[in-house]
Every structure is written in C-alpha cells, then in structure tokens.
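What follows is each chain in one-letter form.
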Amino acid sequence: MIDRRTLLKAGLSAAPLAGMSFADAPSSDVNWQRKIRRVGQLNMTEHDPVALNVEEWADYWASLKVDAVLVSVTGILAFYQTKVPFHRKGKYLGERDFFGDCCAAARKRGIHAIARMSPDLNWEDATQAHPEWFRRDAQGNIARSGEDQRLFFTCMFTTYMTDYIPAIMREINSLYDVDGHFTNAWPPLGNLPVCYCEQCRQLPRPGTPAYWDKFNERVVYLWKLYDSIAKEKKPSSFYFANLGGGIHSGPNLKQLGELCEWFQCDNQGRGGDDTPIWGCSLQGRVCNAVQKGKMATNVTGAWSTGAVRWRNVHKSTEEAQMWMDETLASGMVPYYHLIGGENGMGEDRRGLEPGRQYFQWTARHDRHFVNKRSIASLGVVMGQRTHLFYTPPRGAAMSQYMDGMYYALLEGRFLFDFVHEDNLDDLKKYAALILPNTALLSDEQCRQLRAYADGGGSLLATFETSMYNERNERRADFGLADVFGIRKAGDVKGTTGNAFYARIERRHEILDGFAGTNWLPGAEFRLPVAPVDGAVLTVVPGFVAYPPELSYPTQPRTDEPAVVLREEGKSRLAYFPGDIERTMWRSGHTDLSRLLRNTIRWVSGGRAPVTIEGEGVIEAFAWETEPGFAVHVLNYTNPNMHRGWVRAFHSIGEQKVRMTLPPGRRVTRVELLKAETNIAFRATGGAVEFTIPKVVDYEVAAVSTA
Ligand SMILES: [Zn+2]
C-alpha cells in the first residue's frame, strides 16, 4: 500500500485542497455513501484524453452539486499508464494520466471519485494468451461482440474475474486514492449468461434454477472479493456494481441487497418499443424491497436511450426530467449520465443545462428526499424466480403480468410497496398482499403466506400463482390451494376466437360500478378450478368470434368459478383463475381494470394510510422523512404514458390529500417543493388534509411535524 506522502511525491494526487476534508472522511465513517444526494458521470470514450476539457468537465459536475463522479479506469481500454498485461491503453492516451487528472479535478472540488471498470470484454491478443478467460458458444468458439468484431466476451466463472480484474483494482489502489470501485456490465442485468467454456460445462444447464444458485454463489463470491480489495486501500472504500433490470434482474436481489452498500440501477430510460413511463419508479420499488434504507441510485441517461439508440445526442428533456422525478419519488438518488466528451459536452450540449437546473433544485430540498420508510400498507410480491424461469402460455410475455397489475394500481391510486419473494417472513406492515401470477413459490414461501393469512392478512392472486415450486417443477395442485380454497380442475385453456366471459352470479363489492350486464370479459388464459359454493362470477367458455353467425355460447352457463372469494376472520382472499391483469394490459379493457381495482380495494379492507383524490393518472409515494413526511405525486396524464417519449407536460388540477398520522405527531407546515410555496392544511381526527392546487410533471408535499 502506498501512503499519501509517496503519492504526493509521485505527483499523483495533486489535489490537496477543498475536497480533502470531505473525501478523507475518518475511516470509521464507512457509510459515507448513504449521505450522497447526487451523482454524475460522463462515460469516457477512447477519444476523450484528447477531446475532453477536464476542468470544464469537473466544473460542470461541481455546478450540479454532485457528491460523487464515476471516472473510467475500464478493463477494456486503460485511461492511465497501466502495467497490467492485456489492459490495452487507448490510442489517444499517449503518456497522459487521464484517469488521475480527472480524479484530481473532482477531488479539488470536493467530489468523491469512484473508479469505474468494465470486466465484460477484451481483445484478440488476450484470447490467444488466455483462451481460458473467454465465453464460448455451444460449438466451442469464443463469443465475439456483435458491435465491434475486435472484442470478445469474457466469462465470469474464469480467472479473468479473479486474476485480471483484481490486478487492475490493486494497481488503482497503489496509484490513486479513490473512494470506491465500481464495475459496469457485470453482474449481467436481465439475462443469465449462457457459456460453454471449460468451467461452465461443469455447471448445471444454463437457464435453470440449479444454474441460478451457482450463478448467485459466484456473484456473491466476486462481490466480497472485490469489496475486500477496495478496503485494502482504506476501510471507507468499497465495491459496488451495475444492477437494475427491474424485476427481471439476473442476480438474486435479496442476497445482493444484504451485501451491497450502494444499489446502482443502470436503468437509464425507457428501453423498448412499448415501455410504459413508470419504468424508473418500478425500479425504485425493487430497490426499496431489498435495500432496507441503504443507498440506491438510478441513472438517467441524458442520451437517447430506447429501442433505437443514439448514444451521443440528447433525448427529450421532458422525458429525462420525468425519469429523474420518478427517481426521487420512488426513494432513489438521481444520477445524471452523459456519454463521451466530444458529444456530451461538445457537439450536442442540450443535455447540460436541464441536468444542472434539476440537480440545483433537488439540492435546495435535500432533507425532504432522505426517506426513513415507505408508509404503504399494500404489498405486491416480486417473484424473481417466476420472472427468470416460468414459461407463460404461448403468445404471452412475462412482463405483461406486472405491467397490467401496476397500471391497475395506478388507476386506483393505490400506494404500494414491492415485497421480494424471499422476504415473506416479515409481512406485518401489510394489510394485503398481491401475487400477480407468481407461479414459482417454494413450500416454505407458501407456508409463510398461509401464516400471514391465518394472522389476518389478505391476499389477491391470479392464474398460475403457486403452481410451481422454486425449482420450476409443476405441482399437481396449487401450493396455496388450502389458503384460497381452490382445486385445479384441468390444464391451462386459451382461446381461438372469443376469450372466455365471466357471468355475474350475485352482487358483491368487487362488482361495484357494473350495471346493465350479466357478462364481463374474462381473460385470455385461465387455469380451470373446481366449483365452489356461492361463486360471484362463473366462466362462460370462449367460442367462435368469426363468423358472427356462430358467435354465441354453446355452453351459456357453467359452475366453473371465474373468481374465488373467501373471508376468514379479518383475512380476505381473492383468487382469479384467469390472467386478468395480463389480459387487461394486452386489451386495455376498462372492465378488467375496474374489476381489479375493486378487488384490490376489497382485499385491503378500504383502509389506506394516504388517499389522493383528483383528476388524472398519477403514481404516488408517501415516505416518512427526517422532518416528517413527504407525499410525492407523479403526473402521468400524458399521450406518451405508454409509448414514445414525453414531449410536453399536461398539468392536472386539484389533488386532495388525506394522510393518517401516527399518534402524537402534530403538523407544523406543508410545503410544495416544486412550486416552492407553503400551503394551507387542516388537522382532523388523527389525520392531515391539504390540497395540491396543480401538478405539472411532479409535486412533493413536504409535511413537517413536531
Ligand atoms: Zn464460461
């Protein structure tokens, strides 16, 4: 280990000054990361050592009041004078210490510098010297990058990760005083690796739960190894990695949540052709489910993310702004990201000012964005195993189940948390729990849900929930059969014409608002269950849609339930044999949305700690904070809610908020952080009421209490 004097003598840390007191926090202060409120990154290109003005770069981030910047070390291309074999220096680097210059410029301004590495690719010369480092296809060929044929994919089960990457980390430790080490592009975000190298051929078959166990073991092993190397330099240093991927995440997030000090979401913008606007909030819910109050950041790409990419031009400013709104609302720390010095700060400069304006606004209100806990009493189970291993019926996509349930929750203005499937041992916070086609549940998880219901908790589940164990083996009957009082009575049925219908057999709260019809839409797929007493809805099986001459039911009435409802003491239980949330998402049918919203309201017993009444589609969060509480309202009332980028905001009017207060808390002030004004409030019967006059894209009502 090299001490500070040696570093100074070597001219490697030319930055004493303002930053030192902050960056050199006492070693006992290991949790400095949790105090970070803003992060910046310009993703450096090979050209940047001659294209980027380092002082301008550092001034920009200082003007955004960021607490940390990520600076590229890389692993693919070195940005400093490395001696690690196969760590190729970029062709514009020359004799320069570009990494060191950037770190020094950041620290001079009191900004933490984090060393960023990419362990996923290397060059042909390395494939010849170390063929064992690389990923292989089924034929045994080394896997080549699809975008740049000169690069090859490395394999995470090889010595590349235990020799090469540690050598770079230790070299960085020996030359620089960085505050942390970060890997980009590892662990894999959404899909598990498929590799046929010598190491991987000894593992279980890729894409299976048995493989996932080995994958997670390796992730945890490498994470701990890298963290220990970071701490060889100083105890306050640490390691973290690119995570994100929403619910469809590669590594077991419950395990990583326990391990990681900083959950970094590489979730930079809407990804595909039809990604709804709430993708960032959904990510925040995932983090909150596993991080237990520890630091989580979400990257907003100022660049053009999406199905067609332009790394080096700015996206719509309104789209980027909504993504940052969601970051804050869902409890994460905003992280602004530009690509390449010549583009991010040169050819297209449109992203600079919006980022500055936004970050300066957040800096004025930091204390209201530090959350202690979410005050939602409704939980939605995020089944990682189901997302990774379950095969939906042909024509269905896994993401549709959560998309549909999420949209119904927004339309109903429900406040909710995600609950990780491995955290079902502690559900006392929740009045009700929703299981959107959570197909894979272990016997133990079923037992935990049964205990929750026995204790008065309520459940809403759909379709194949609990039909598989955690190894993705199909059960003969539901794992939760006794809890819901259901029994499987056939195989999954689809349709070739009309989907099935649901016949109203008797009135019930879940049917509020339906008048003038005996029939409701059922769902596209269903898992038939045995008849129950007093069914509220029964199945009218699907039939011909065309020709219309034949479009009538051959079997107009059955005793097959289309919903099974049950009340046991305080516990309310609802099971839909149809994939109604997915069918709602696919069809957009408003009856299905109403039926879902009514049923969610019924299982939650009409109790909600916060209600927000008004026009528009919103997403809401409520947090307990240091000064009191904060109610966040995101306005999604926009033609681009489901597709394309937000082009403009469309304001919504009055939103009437009522929030139940814990005993003994008195409200002293309600302040709107976007409007930057105080508003009137009324304390009444253990609650506070106030009206937000309008919401453009986002508003935060900060409730101070004594
Ligand atoms: Zn491999």
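Residues numbered from 1 in each chain as written. Predicted model: local features only at pLDDT ≥ 70, side-chain atom pairs only at ≥ 80, totals over all residues.

## As for the overall build of the protein chain
Regarding its fold elements, the protein chain presents 19 helices and 31 strands. Compactness check: the protein chain gives a C-alpha radius of gyration of 27 Å against a globular reference of 27 Å for 706 residues, within 12% of the reference. Each of the three principal axes of the protein chain carries a C-alpha extent, and together these read 85 × 70 × 45 Å. Taking all 706 residues of the protein chain together, 52% fall into the buried category. (Helix = DSSP H or I, 4+ residues; strand = E, 2+ residues; numbered from the N terminus. Rg over C-alpha atoms; globule rule 2.2 N^0.38 Å. Buried ≥ 20, exposed ≤ 12 C-beta atoms within 10 Å, placed from the backbone.)

## Describing the sheet that holds strand β30 (residues 687-692)
If you trace the 4 strands from one edge of the open sheet to the other, you get β23-β26-β30-β29, paired in antiparallel fashion. Looking at strand neighbours, the two that pair on one side only are β23 (610-614) and β29 (682-684), the edges of this open sheet. Here the strands of the sheet are splayed against their neighbours by 20 degrees on average, with no regard to which way each runs. One ladder, built from 5 bridges, connects β23 with strand β26 (residues 655-660); its direction is antiparallel. Residue pairing in the sheet places isoleucine 612 in a bridge with valine 657 of β26. (Pairing = 2+ DSSP bridges. Axes fitted to C-alpha atoms, helices over the stretch in contact; angles between N-to-C directions.)

## Notes on helix α5 (residues 98-108)
Of all 11 residues in α5, 10 are buried, a share of seventy percent or more. One or two residues past the end of α5 sits glycine 110, with phi positive at roughly 75 degrees.

## Notes on the sheet that holds strand β25 (residues 628-635)
Taken together, 6 strands build an open sheet; the order of strands is β13-β24-β25-β31-β27-β28 and the sheet is antiparallel. The strands lining the two open edges of the sheet, one partner per strand, are β13 (371-374) and β28 (677-679). Geometrically, the sheet is characterised by an average inter-axis angle of 30 degrees between neighbouring strands, direction not taken into account.

## Details of the nonpolar core
In terms of nonpolar packing, the biggest core is built from 217 residues, with Val71, Leu415, Leu433, Leu459, Ala622, Val631 and Ala701 touching the most fellow members. The contacts of valine 71, once residues within four sequence positions are left out, are Phe99, Cys102, Cys103, Ala106, Ala113, Ile114, Ala115 and Arg116. (Core = buried A, V, L, I, M, F, W, Y, C linked by C-beta atoms within 7 Å. Contact = placed C-beta atoms within 7 Å.)

## As for unusual backbone geometry
Peptide bonds are mostly trans, and most non-glycine residues show a negative phi. In this structure, the amide linkage connecting tryptophan 186 to the following residue, proline 187, adopts the cis form with an omega of -5 degrees. The residue proline 187 is located in the loop between β6 (180-183) and α8 (209-233) in this model. Residue proline 547 is reached from tyrosine 546 by a cis peptide bond, and omega for that bond is 0 degrees. Examined against the element boundaries, proline 547 turns out to sit in the loop between β20 (537-540) and β21 (564-568). Look at asparagine 472: it is not a glycine, yet its phi comes out positive at around 65 degrees. As for its placement among the helices and strands, asparagine 472 is situated in the loop between β17 (458-462) and α17 (481-484).

## What about the domain arrangement of the protein chain?
Domain annotation for the protein chain reports domain 1 (35-363), domain 2 (376-603) and domain 3 (610-705). On a C-alpha basis, the centres of domain 2 and domain 3 stand 31 Å from each other. Split by residue class, the side of domain 2 that touches domain 3 holds 3 nonpolar, no polar and 2 charged. (Domains from an automatic or database assignment. Nonpolar A, V, L, I, M, F, W, Y, C, P; charged D, E, K, R; others polar.)

## Remarks on the packing of helix α7 (residues 159-175) against α8
Where α7 meets α8, the closest approach of the two axes is 9 Å, and the angle between their N-to-C directions is 20 degrees. Overall, the two elements α7 and α8 adopt an arrangement that is roughly parallel. Every pair of crossing elements has a handedness; the one defined by α7 and α8 is right-handed. Note on element contacts: α8 touches α7 through Leu222, Leu225, Tyr226, Ile229, Ala230, Glu232 and Lys233, opposite Met161, Thr162, Pro166, Met169, Arg170 and Asn173. A breakdown of the residues in the contact of α7 with α8 according to their chemical character gives 8 nonpolar, 2 polar and 3 charged. (Parallel < 35°, antiparallel > 145°, perpendicular 65-115°, else oblique. Left-handed = near helix turned anticlockwise from the far one by under 90°.)

## As for the pairing of strand β24 (residues 618-625)
Within a regular strand, the side chains alternate between the two sheet faces. Most of β24 is tucked away: 6 of the 8 residues are buried. The sheet contact formed by β13 and β24 spans 3 bridges and is antiparallel. Along β24, the bridge assignment pairs serine 374 with tryptophan 623. Examined bridge by bridge, β24 and β25 share 7 bridges and lie antiparallel to one another. When the sheet's bridge partners are listed, phenylalanine 621 is paired in β25 with histidine 632. Linking β24 back to β25 in an antiparallel pair, the connection comprises 2 residues.

## Quick look at the pairing of strand β12 (residues 333-339)
Most of β12 is tucked away: 7 of the 7 residues are buried. Neither face of β12 is exposed, since Val333, Tyr335, His337 and Ile339 on one face and Pro334, Tyr336 and Leu338 on the opposite face are all buried. Bridge analysis of strand β1 (residues 39-43) against β12 gives 5 bridges, and the strand direction is parallel. Within β12, the residue paired with glutamine 41 across the bridge is histidine 337. Sheet analysis places strand β9 (residues 295-301) next to β12, joined by 5 bridges and oriented parallel. Residue pairing for β12: asparagine 298 is matched across the bridge by proline 334.

## Describing the packing of helix α10 (residues 279-291) against helix α11 (residues 317-329)
Where α10 contacts α11, the axes come no closer than 8 Å and their chain directions differ by 20 degrees. Taken together, the axes of α10 and α11 are roughly parallel relative to one another. Between α10 and α11 the crossing geometry is right-handed. Together, Cys280, Ser281 and Gly284 of α10 and Trp323, Glu326, Thr327 and Ala329 of α11 make up the contact between the two elements.

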